[in-house]
Amino acid sequence: MRALPLRTGVRWKIALAIAAVGALIAVTLSVVVHNAARISMLDNAREVQMERLLFAQRLYETSKPKEPRFGAKINDPALPDQLDQLMRDQRRGTYVQEHRHGGPPDVWAAVPLANGDVLSLHIPFADRSATIMKDLDRALVIGSVSVVFGGCALGILVGGQLSRRLRKAAAAAGRVAQGNGDVRVRDAVGGVVRDETDDLAWAIDSLTDALHERIEAERRVTADIAHELRTPVTGLLTAAELLPPGRPTELVRDRAQAMRTLVEDVLEVARLDGASERAELQEIALGEFVERRVRSVFPEAEVRVVHESWVSTDPRRLERILGNLLANAAKHGKGPVEVTVEGRVVRVRDHGPGFPEALLREGPSRFRTGTSDRAGQGHGLGLTIAAGQARVLGARLTFRNVASEAAPEGVGGAVAVLWLPDHAPTNTGSFPILRLPEKT
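Since the structure is predicted, the reported quantities are computational estimates derived from the model, not experimental observations.

Student: Could you give me a rundown of the overall build of the protein, with the residues and numbers involved?
Tutor: Check the secondary structure of the protein and you find 10 helices and 11 strands. Evaluated residue by residue, the protein yields a buried proportion of 35% over its 440 residues. Accessible area of the protein: about 27700 Å², with a carbon and sulfur share of 56%.

As structure tokens, this is what we get:
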């Protein structure tokens, strides 16, 4: 099975990174401080133990009869081997003896006597010192937890600011990708302090400007070429009308007419790409309009009006969209062709092999007609023009295939859906601002 990728935000990644580093530093410092404090306290206990033993030695040597005091012992059999070795070398010393079962260690001190005996003293590590170590450990744990949570909060704060800037940049880039060339990513990001996000925004803006310049140059070249071709193509059509009747004349006229249609389509695509087209709005009954236009363009199509709706749109552009969708269904699909009107939604469906995957994935593209089973003829401009006219109307044109178990490839036809907006675009191509009534 394919594992789903985990998606986390930048703020949480930064917060986790800071928290992890803070925890590592806090644990390391806690261990170092704990060990240093314990060693220091044990060294101090060993010095105190040696001073006690030396005092007990003086009392032992000066007293009669000689008896060890303050808990000191002569030739203690429990003397650790390390101290026993020092006593053989006639050297005094101290030793900390740990217990296997845990608990506070014993602090030993031993000195050799003149007669060869060994005077030693050992007591458990002071309870007060153990209490101090517990308090120190508790303070270190609290401090470590505070550092981790503080680092996490700092990471969320810093990462949240960076995440917000990146989200603004992504949203602005998305609007640019939708064709809004006036959006500047750097302005959308904002902020006073410059960082890598600003560099990314500047790079996106520069790339957008370069792409727009290139697209505009290509559009002008395409429009100029198509415009220059109109005159010779018109002349070719006029000359074809003067040819004597016959099959060759019909072929010349057909090809000349196809060339003229292609030139007009290219000019229309160039105008739509220039974003200078504006809709001429009229109030129409959508169901009645669609039914009348479909009957005149494609009488074989089945028209069904589920729900009538009045819309403010451009009838000429809407008719152009319907004509291109029906022509595409007739040329590349199979009957029956069904047209359904439901409110502000118009669906055109055929029962052919469906749209090619490239069109479903990337949308219609000029001079791309799809796979061989659906191409055959045409230049791929029909759906491109339909999508461009839909943008001028402020509508949305989507494409999908209908799954069918009876079809050989599991596809039971292609469906183009035109979603007309609730509110028509203004003369500038934008949409009016809706003011909702205040709640009482």
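Student: Just give me the short version of the UniProt feature "transmembrane region" (unreviewed entry) in the protein, but keep the residues and values in it.
Tutor: This chain's UniProt record puts "transmembrane region" (unreviewed entry) on residues 12-33 and 139-158. Span residues 12-33 is 100% helix and 0% strand, its end C-alpha atoms 31 Å apart. Helix makes up 100% of residues 139-158 and strand 0%. Its end C-alpha atoms lie 28 Å apart.

Student: I'd like to hear about the environment of V111, residue by residue, with values.
Tutor: Following the sequence through the fold, V111 ends up in strand β3 (residues 106-112). On the accessibility criterion, V111 (2% relative accessible area) is buried. A C-alpha to C-alpha distance of 9.0 Å links V111 and L83, two positions 28 residues apart in sequence. With sequence-adjacent residues up to four places away left out, V111 is seen in contact with M50, L53, L54, Q57, M87, R92, D117, V118 and L119.

Student: Any details on a nonpolar patch on the surface? Residues and values, ideally.
Tutor: The grouping of V21, I25 and L29 at the surface amounts to a nonpolar patch, some 280 Å² of accessible area in total. Secondary-structure assignment places I25 in helix α1 (residues 10-62).

Student: I'd like a description of unusual backbone geometry, backed by residues and values.
Tutor: A positive phi angle is found at N75, which is not glycine, with a value near 55°. Checked against the element boundaries, N75 lands in the loop between β1 (73-74) and α2 (81-88). With a phi angle near 60°, Q90 is a residue other than glycine that sits in the positive phi range. Looking at where Q90 falls in the secondary structure, it is placed in the loop between α2 and β2 (93-97). According to the relative accessible area criterion, Q90 is exposed, its value standing at 53%.

Student: Could you give an account of the side chain of D76, with specific residues and numbers?
Tutor: Residue placement: D76 occurs in the loop between β1 and α2. At 3.0 Å, the side chain of D76 and the backbone nitrogen of A78 are in polar contact. In this view, D76 contacts W108, S120 and H122; residues no more than four positions away in its chain are not counted.

Student: Any chance you could break down the nonpolar core for me, citing the residues and the numbers?
Tutor: Across soluble globular proteins, nonpolar side chains show a tendency to be buried alongside one another. With 36 residues, the main nonpolar core has V290, L325, V339 and L418 as its most contacted residues. At the level of secondary structure, the elements contributing two or more residues to this core comprise α7 (286-297), α8 (315-332), β8 (338-342), β9 (345-349), α10 (382-392), β10 (396-403) and β11 (411-419). Of the residues forming this core, the biggest block, 6 residues, is contributed by α8. Once residues within four sequence positions are removed from consideration, V290 is found in contact with L322, V339, V341 and V346. Counting 11 residues, the second largest nonpolar core, distinct from the first, contains M50, A56, V111 and L113.

Student: Outline the packing of aromatic side chains, supporting the account with residue identities and numerical values.
Tutor: If you walk through the whole model with that rule in mind, you get 1 aromatic pair. Ring plane angle 80° and centroid distance 5.2 Å describe the contact between F355 and F399, whose orientation is recorded as edge-to-face. Pair noted here: F355 is in the loop between β9 and α9 (357-362) and F399 is in strand β10, with a separation of 44 residues, a long-range link. Look at F355 and you get buried, because its relative accessible area is 6%.

Student: Go over the pattern of salt bridges with me, naming the residues and quoting the values.
Tutor: Scanning all chains against the criterion turns up 7 salt bridges. For R292, the salt bridge is made with E288, and the minimal N-O distance between the two is 3.6 Å. On the criterion of helical spacing, the pair formed by R292 and E288 is a turn pair, its members being 4 residues apart in helix α7. R292 sits in the partly exposed class, given a relative accessible area of 42%. Among the residues examined, E288 registers a relative accessible area of 47% and is labelled partly exposed. One salt bridge in this structure joins D314 and R317, with 3.3 Å as the shortest N-O distance.

Student: Please provide a residue-by-residue account of the environment of D89, values included.
Tutor: Assignment of secondary structure puts D89 in the loop between α2 and β2. Taking relative accessible area as the criterion, D89 reaches 42% and is therefore assigned partly exposed. Expressed as a C-alpha distance, the spacing of D89 and P112, which sit 23 residues apart in the sequence, is 9.0 Å.

Student: So, the packing of α7 against α8: which residues are in play, and what are the values?
Tutor: Orientation of α7 relative to α8, taken along the N-to-C sense of each, is 50°, at an axis distance of 10 Å. Comparing the axis directions of α7 and α8 gives the class oblique. Between α7 and α8 the crossing geometry is right-handed. Together, L286, F289, V290, R293, V294 and V297 of α7 and P315, L318, E319, L322 and L326 of α8 make up the contact between the two elements. For the contact of α7 with α8, the per-class residue count stands at 9 nonpolar, no polar and 2 charged.

Student: Which residues make up the sheet that holds strand β4 (residues 118-124), and what are the values?
Tutor: Across the sheet, 4 strands lie side by side as β1-β4-β3-β2; this open sheet has antiparallel pairing. Each edge of the open sheet carries a strand with a single partner, namely β1 and β2. Where β1 meets β4, 2 bridges bridge the pair, whose relative direction is antiparallel. What sits directly across from K73, in β4, is S120. With respect to the sheet, α2 is in contact with β2, β3 and β4, its orientation differing from that of β2 by roughly 170°.

Scoring rules and cut-offs
Residues numbered from 1 in each chain as written. Predicted model: local features only at pLDDT ≥ 70, side-chain atom pairs only at ≥ 80, totals over all residues. Heavy atoms only, no water. Helix = DSSP H or I, 4+ residues; strand = E, 2+ residues; numbered from the N terminus. Buried < 20%, exposed > 50% of the residue type's maximum accessible area, 1.4 Å probe, protein only. Areas by Shrake-Rupley, 256 points an atom, 1.4 Å probe, with all protein chains shown as cover. UniProt positions renumbered as here; feature names shortened; annotations may be inferred. Contact = heavy atoms within 4.5 Å. Patch = residues over 30% accessible without salt bridge, like charges linked within 9 Å, V, L, I, M, F, W, Y side chains within 5 Å. Salt bridge = Lys/Arg side-chain N within 4 Å of Asp/Glu carboxyl O. Polar contact = N/O pair within 3.5 Å; in protein donor to acceptor, adjacent residues only side chain to side chain. Core = buried A, V, L, I, M, F, W, Y, C linked by side-chain atoms within 4.5 Å. Phe/Tyr/Trp six-rings, centres within 6.5 Å; stacked < 30°, edge-to-face > 60°. Axes fitted to C-alpha atoms, helices over the stretch in contact; angles between N-to-C directions. Parallel < 35°, antiparallel > 145°, perpendicular 65-115°, else oblique. Left-handed = near helix turned anticlockwise from the far one by under 90°. Nonpolar A, V, L, I, M, F, W, Y, C, P; charged D, E, K, R; others polar. Pairing = 2+ DSSP bridges.

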